[in-house]
Amino acid sequence: METEFLKNILKSISVSGYEEPLQNIVREEMQNVADEIREDEMHNLVCVANPDSPVRILLSAHADEIGLMISNITEDGRLQVVDRGGVVVPTYPGQQVIVKTKEREIPGVVEAYRGLFEKQGMSTKDLKIDIGAKDRKDALRYVKPGDPVVPDTHIRTLANGRITSRALDDRIGVYIIMEALKRAKERGCTSGIYAASTTGEETTKTGAYWCSARIHPTLAVIVDVTYTSDCLGMDRRKWARWSLEKDRCSATARSWRKNSMKRWSARQRRRIFRYSGK
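Attention here is on the structure that accompanies the text. Since this is a predicted model, take the numbers as computed values, not measurements.

Our focus in this paragraph is the overall build of the chain. When you go through the chain residue by residue, the secondary structure sums to nine helices and 13 strands. Every one of the 278 residues in the chain was classed for burial, and the buried ones make up 37%. The long-range fraction of contacts in the chain, counting pairs at least 24 apart against all pairs at least 6 apart in sequence, stands at 66%.

This is the structure in structure tokens:
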């Protein structure tokens, strides 16, 4: 496992709409592996092996993470924010954060007081970020409206080879599909492999659609995260039994499976699902 590549992905800041830093990391890693690297207007990044093959297998994972975006700077230099994706607002007060500007990363802290933690229906309207600025003019020397914000977290290795990090959803999926393309190349796969690091999943939902519409894949495999049934707050009646230690969760679109299997001949099915393509 190429752990340095994974660490670089997880250290990057890729709030939805600001995925370019992560895409640049993927491009650098894959430039000597992929036969082609494509980027579209939505900043989807697609690494391709065997682009001339009539069989096109799309591997897709989203590069964006949930976070905040500066929407206003008050006269006393505090930063007001809006959400970029489904943030859980009560987890932010009192936490250190990083503002990603074009030039650098600016540390800050989300202001908190006891009454705020007791407030019902807390929203991003209740959050203010202190970066140490004296006033609005001073704050504008460091940040500006539109800059993304994420929690200031670390990558840690836990017992039994597990890791903890901000936004494994779904940057670890990006890592997985790029490693899968590497393995396919190593094993002599001749089918077309399109490993797509897509944008906007946490907000607009349009990146993957735009990407797949251009590729017209024969088969698509989407890699994302979900909850396990053995973690806090999960109900096995709803989530069945998915263990972090032992299980992998998979699903297929039933209508796609039913219609496609009817339409394809036995020979076509063998050709599509045969890994090596030989």
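Further remarks concern the pattern of salt bridges. Enumeration according to the criterion identifies 13 salt bridges in this entry. Each member of the salt-bridge network shares a partner with another, and the members are Glu-29, Glu-179 and Lys-182.

Let us look at the packing of helix α1 (residues 3-11) against helix α2 (residues 20-30). Viewed as axis vectors pointing N to C, α1 and α2 meet at an angle of 160°, and their least axial separation amounts to 9 Å. One element, α1, and the other, α2, form an angle in the roughly antiparallel class. Here α1 and α2 pass one another in a crossing that is right-handed. Contacts between α1 and α2 involve Phe-5, Asn-8 and Ile-9 from the first element and Leu-22, Ile-25, Val-26 and Glu-29 from the second. Here the contact of α1 with α2 is built from residues that sort into five nonpolar, one polar and one charged.

Here we take up the nonpolar core. Judged by nonpolar contacts, the single largest core of 26 residues is most densely connected at Val-26, Cys-47, Val-174, Met-178, Leu-181 and Ile-193. Of all the elements in the fold, those that place two or more residues in this core are α1, α2, β2 (45-49), β3 (56-62), α5 (168-186) and β12 (192-198). Element by element, the count of residues in this core is highest for α5, at six residues. If sequence neighbours within four positions are ignored, Leu-181 has contacts with Met-30, Val-33, Cys-47, Val-48, Ala-49, Ile-193 and Ala-195. Core analysis: the second largest hydrophobic core is formed by 21 residues, Ile-73, Leu-79, Tyr-92 and Val-143 among them.

Turning to the sheet that holds strand β1 (residues 36-39), a few remarks are in order. The strand order across the open sheet formed by five strands is β1-β2-β12-β3-β13, and the pairing between neighbours is mixed. Two strands lie at the open edges of the sheet, namely β1 and β13 (219-222), each paired on one side alone. Along the sheet, successive strands turn relative to each other by an average axial angle of 20°, direction set aside. Packed onto the sheet, α5 meets β2, β3 and β12 and runs at close to 150° relative to β3. Where helix α6 (residues 207-215) meets the sheet, it contacts β2, β3 and β12, and its direction lies at approximately 160° from that of β12.

Rules used in this analysis
Residues numbered from 1 in each chain as written. Predicted model: local features only at pLDDT ≥ 70, side-chain atom pairs only at ≥ 80, totals over all residues. Heavy atoms only, no water. Helix = DSSP H or I, 4+ residues; strand = E, 2+ residues; numbered from the N terminus. Buried < 20%, exposed > 50% of the residue type's maximum accessible area, 1.4 Å probe, protein only. Contact = heavy atoms within 4.5 Å. Salt bridge = Lys/Arg side-chain N within 4 Å of Asp/Glu carboxyl O. Axes fitted to C-alpha atoms, helices over the stretch in contact; angles between N-to-C directions. Parallel < 35°, antiparallel > 145°, perpendicular 65-115°, else oblique. Left-handed = near helix turned anticlockwise from the far one by under 90°. Nonpolar A, V, L, I, M, F, W, Y, C, P; charged D, E, K, R; others polar. Core = buried A, V, L, I, M, F, W, Y, C linked by side-chain atoms within 4.5 Å. Pairing = 2+ DSSP bridges.

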